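# Coordinate inspection notes
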Amino acid sequence: MTDFPLEETRVEKPDKSFFVPKLCNACDHSPCVQVCPVGATFETPDGAVLVDPEYCIGCRYCIQACPYGTRFLNPITGVADKCTLCYHRIHNGQQPACVENCPTQARLFGDLKDHDGPLNQFLREHKIQVLKPHLNTYPKVFYSGIDKEVR
Amino acid sequence: MPDQSHLYEALKHVVGYIYPNDIEAHWSILIVLYPYLTGLVAGAFILASLERVFNVREVRPTYRLALLTALAFMLIAPLPLLSHLAKPLRFWEILVTPHLTSAMAMFGFVYMWYLMVVLLLEIWFDYRRDFVVWSRESKGFKKFLYSVLTLGVTDISEKAIRFDEAAVKTITIIGIPSAFLLHGYVGFIFGSIKANPWWSSVLMPVIFLFSAIVSGIALVMLIYLLSNKIPPRQAEHGVS
Amino acid sequence: MPPQVSRLILIFAFIGVAFVATRWWARPDTFGQYGHYRGIALSNAITRSPHYIPKSTCAECHEEEAALNSAGPHKNVSCQICHGAGAVHAEDPQTSNIKKPEVTATCSRCHEARAARPANFPQINIAEHAEGEPCNSCHVVHNPSETK
Ligand code: SF4
Ligand code: SF4
């Protein structure tokens, strides 16, 4: 790893370039929930996808199944782990930590079911893209203004 | 806490983006071992069924060997899976709360069906007469072991033996689709992963099946050759 | 029925009953409350304690820095962007449990020129711009539009 050809991989003047922060897309039809053999990954009644760390057997099947590569085996707890959409914060009246701390306010969090809420208003007014739409996972994370090529 | 310094070392070389799971992008070698073992089981069983169901006389000497090979590999097949789990002591959850949409959750049931209903039953019916004879002839612990294995049924009359043979044949007929199920299902574990374009194919179970047949037959051939060479002796013809 | 079959049926029935009984006994209490998972996992997830605190909590003690910060272009930047998660520090204020950021490296995380950054975002080539000087030798860290 130490001899990684750092310089050669740098493209000096790309035509186009994006930052695409990847997080769990909280899929509506989540492949990770579908494949978990014991029900340790589940979709909550309000739409987040969580891991039950006391029930996960660490089979890593969900890590293989997630099309967005957002799951990992937590080396400290030894169970599958991922972005929880800050479930503990959003249920106590706070924004997710990434939304609250983003220095340029690039992230927006809101209730998708609230049709007149700020999130749905934003979705109506902007060009919106989801990642890998052909996999029919119906993500609940939307990206505004990125290209189709971004996966 | 495990040492993670190598991860930070590797992170320094990242240009561009990484996925959160780049810590562990691949399933480990133990996951490769498991389909390999069940493939050997299914293949060996199919070789045994050649003799019983399809009356291929040439493979008759390998019948019992093939069955026992299948049993031996079946017994150790879950070990790589178990040791691959990050929390092996929670394995029982797969049997207690299986999630029916998950290919992996069916593992326990397919495995149990194949081990208990197919392999053990067929071997028991095939060896039943021998168990009874051996339990009469041997002494001490062996006698005790064989009498337990007869399950207390000592009837070896002509009629009972004929029933055993019919039972073996029926079980083998059930066993062939079960062997396909056992290994085709392993292919399905991989085939149902949409996220990996190299895996997600309906042909996966078929590919697994054919490689199983080939590798299982090859294994029995190898064991048969070796067991006839070391120690050198005549090939056993017509045991059963 | 031949004796071997009735014996086998007995054994299989015993195994079957034992399996069903074990399943019934080992199934977690709250399993299936909302779906195919332990219901208690939901409340466990909700009661986890946050690592990041609101900016106003920092301002309760660090009035001077908060005033500097809210006067400048970083007024929307959370303290914890540079200083790391602060929940532990807020409970028990110690210098050891909050990060003292490395100045130049932290600044370059956002302000080093990159093609992907919006054109109107302030970006510099740090090596040329500062010629090896740390950023805070000219800029006031908590309000970088002011210079010393
Ligand atoms: S993005 Fe991955 S981890 Fe998140 S819900 Fe979808 S499949 Fe699951
Ligand atoms: S690693 Fe854990 S959460 Fe993922 S599929 Fe296996 S048991 Fe479920």
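From a predicted model like this one, the values you see are computed outputs, not experimental measurements. The numbers attached to residues start from 1 for each chain and follow its sequence in the written order. As a convention, the first chain written is A and the first ligand written is 1, with the rest following in written order. In view of the model being predicted, local features appear only for residues whose pLDDT reaches at least 70, and side-chain atom pairs are presented and counted only at 80 or more, with totals across whole chains, interfaces and linings using the full set of residues. Hydrogens and water molecules were not included; the side-chain quantities draw on all heavy atoms of the structure.

Per the secondary structure count, chain C includes eight helices and two strands. Secondary structure elements follow DSSP: runs of H or I no shorter than four residues count as helices, runs of E no shorter than two count as strands, and numbering proceeds from the N terminus. Mapped in sequence order, the helices and strands of chain C form the string α-α-α-α-α-α-α-α-β-β. Here chain C has a C-alpha radius of gyration of 30 Å; the compact-globule value for 148 residues is 15 Å, and the former is much larger. Structurally, chain C occupies a C-alpha span of about 100 × 40 × 30 Å along its principal axes. Only protein chains enter the accessibility calculation, which uses a 1.4 Å probe. A residue is then buried if its area is under 20% of the maximum for its type, exposed if over 50%, and partly exposed in between. Among the 148 residues that make up chain C, the fraction classed as buried is 22%. Nonlocal contacts in chain C, meaning residues at least 24 apart in sequence, comprise 36% of its contacts between residues at least 6 apart. When the accessible surface of chain C is split by element, carbon and sulfur atoms take 59% of a total near 10100 Å². In this treatment the radius of gyration is a C-alpha quantity, and the globule benchmark scales as 2.2 Å times the residue count to the 0.38 power. Note on definitions: a residue-residue contact is assigned when non-hydrogen atoms from the two residues lie within 4.5 Å. Note on areas: Shrake-Rupley with a 1.4 Å probe; residue coverage comes only from the protein chains shown.

Time to look at the interface of chain C and chain B. In this complex, chain C contributes 16 residues to the contact, which on the side of chain B involves 20 residues. We define buried area as the total accessible area lost by two parts upon association, computed with a 1.4 Å probe and summed across both. The contact between chain C and chain B buries some 1500 Å² in all, and 78% of this surface belongs to carbon and sulfur atoms. Whenever Lys or Arg places a side-chain nitrogen within 4 Å of a carboxyl oxygen from Asp or Glu, that contact is recorded as a salt bridge. Summed over the shared surface of chain C and chain B, the number is zero salt bridges. As used in this structure description, the phrase polar contact means that two N or O atoms lie within 3.5 Å; if the pair is within protein, one of them must be able to donate a hydrogen and the other to accept it, and residues adjacent in sequence are counted only when both atoms belong to side chains. If you look at where chain C meets chain B, you find five residue pairs in polar contact (both at pLDDT 80 or more). Partitioning the side of chain C that touches chain B into residue classes produces eleven nonpolar, two polar and three charged. Here the term charged refers only to Asp, Glu, Lys and Arg, the term nonpolar to Ala, Val, Leu, Ile, Met, Phe, Trp, Tyr, Cys and Pro, and the term polar to all other amino acids, Gly among them.

All names here are of chain B. Each patch is built from residues lacking any salt bridge and having more than 30% relative accessible area; the joining distance is 9 Å for like charges and 5 Å for nonpolar side chains (Val, Leu, Ile, Met, Phe, Trp, Tyr). A cluster of nonpolar side chains, contributed by Leu75, Ile76, Leu79, Leu82, Phe91 and Trp92, occupies part of the molecular surface with about 530 Å² of accessible area. With respect to the helices, strands and loops of the structure, leucine 82 is situated in helix 4 (residues 78-84). Residue leucine 82 is classed as partly exposed on the basis of its relative accessible area, which comes to 33%.

All names here are of chain A. Residues are called lining when one of their atoms sits within 4 Å of a cavity or pocket point, these points coming from a 1 Å grid over the protein atoms alone, where a cavity is a set in which a 1.4 Å probe fits but cannot get out and a pocket is an open set with protein on both sides within 12 Å along at least five of seven lines. Grid points are joined across faces, edges and corners, and a volume is the space filled by probe spheres set on the points. The full count for this structure, using the stated rule, is two cavities of 30 Å³ or more. Estimates place the volume of the largest cavity at around 80 Å³. Lining the largest cavity are 14 residues, with Cys24, Cys27, Cys32, Cys66 and Thr70 sitting closest to its centre. Considering only residue class, the lining of the largest cavity consists of nine nonpolar, three polar and two charged. Roughly 50 Å³ of internal volume is contained in the second largest cavity. Taken together, Cys36, Pro37, Thr41, Cys56, Ile57, Gly58, Cys59, Arg60, Cys62, Arg71 and Ala80 make up the full set of residues lining the second largest cavity.

We now examine the site of ligand 1. Residue and element names in this part refer to chain A. Inspection of the region around ligand 1 gives 14 residues, with Cys24, Asn25, Cys27, Cys32 and Cys66 positioned closest. With respect to the detected pockets, ligand 1 is housed in the largest cavity. Partitioning the shell around ligand 1 into residue classes produces nine nonpolar, three polar and two charged. For each residue, the test is whether any non-hydrogen atom lies within 4 Å of the molecule or strand; if one does, the residue is near. Think of it this way: if more than half of a molecule's atoms are within 2 Å of a pocket's grid points, that molecule is in the pocket or cavity.

All right, on to the environment of Trp124(B) then. The residue Trp124(B) is located in helix 6 (residues 107-137) in this model. Polar side-chain contacts of Trp124(B) include one of 2.7 Å to the backbone oxygen of Leu149(B).

Here we take up helix 5 (residues 118-125) of chain A. Residue and element names in this part refer to chain A. Of the residues making up helix 5, those classed as buried are Leu119, Asn120 and Leu123. Along the axis of helix 5, the buried positions cluster into a sector of 95°, meaning they face one direction only. Exposed side of helix 5, more than 90 degrees from the buried face: Pro118, Arg124 and Glu125 are the residues found there. Think of the arc as the fan of directions from the helix axis to the C-beta atoms.

Moving on to the site of ligand 2. Near ligand 2, the surroundings consist of Cys36(A), Pro37(A), Val38(A), Thr41(A), Cys56(A), Ile57(A), Gly58(A), Cys59(A), Arg60(A), Cys62(A) and Ala80(A). Here the shell around ligand 2 is composed, by residue class, of eight nonpolar, two polar and one charged.

This part is about the pairing of strand 2 (residues 143-147) of chain C. Pairing of strand 1 (residues 139-140) of chain C with strand 2 of chain C, which is carried by two bridges, proceeds in the antiparallel orientation. Paired with Val140(C) across the two strands is Asn143(C), which belongs to strand 2 of chain C. Two strands are said to pair when DSSP picks up at least two bridges between them.

Residue and element names in this part refer to chain C. For histidine 89, the position within the fold is in helix 6 (residues 87-91). Reaching out from histidine 89, the side chain makes a polar contact with the side chain of asparagine 97 at a distance of 2.9 Å. Not counting residues within four places of it along the chain, the set of residues in contact with histidine 89 comprises His62, Gln94, Asn97 and Ile98.

Right, let's get into the packing of aromatic side chains. Working definition: rings of Phe, Tyr and Trp (its six-membered ring) pair if their centres are within 6.5 Å, and the pair is stacked with planes under 30 degrees apart, edge-to-face with planes over 60 apart, and tilted otherwise. Within the structure shown, the criterion is met by 20 aromatic pairs over all chains. Here the aromatic rings of Tyr55(A) and Phe31(C) are separated by 5.7 Å at their centres, their planes lie at 50°, and the arrangement is tilted. Here the residue Tyr55(A) occupies a position in the loop between strand 2 (49-51) and helix 2 (61-65), and Phe31(C) occupies one in the loop between helix 1 (3-26) and helix 2 (40-46), the pair thus bridging two chains. Ring geometry for Phe125(B) against Phe163(B): centres 6.4 Å apart, planes inclined by 70°, an arrangement best described as edge-to-face. Taken together, the positions of Phe125(B) in helix 6 and Phe163(B) in helix 8 (residues 158-191) put the pair 38 residues apart, joining distant regions of the chain. With relative accessibility at 6%, the residue Phe125(B) sits in the buried group.

This part covers the pattern of salt bridges. Tallied over the full model, the rule gives 13 salt bridges over all chains. Across the pair Arg38(C) and Asp52(A) runs a salt bridge, and its minimum N-O distance is 2.7 Å. Pair noted here: Arg38(C) is in the loop between helix 1 and helix 2 and Asp52(A) is in the loop between strand 2 and helix 2, and the two residues belong to different chains. Judged by relative accessible area, Arg38(C) falls into the buried class, the value being 13%. A relative accessible area of 1% means that Asp52(A) is categorised as buried. The salt bridge involving Asp126(B) is made with Arg52(B); its shortest N-O contact spans 3.8 Å. With Asp126(B) in helix 6 and Arg52(B) in helix 2 (residues 29-52), the pair connects residues that are 74 residues apart, well separated along the chain. On the accessibility criterion, Arg52(B) (14% relative accessible area) is buried. Salt bridges here are not isolated pairs; linked through shared partners, they connect Glu51(B), Arg52(B), Arg57(B), Arg60(B), Arg64(B), Asp126(B), Arg129(B) and Asp130(B).

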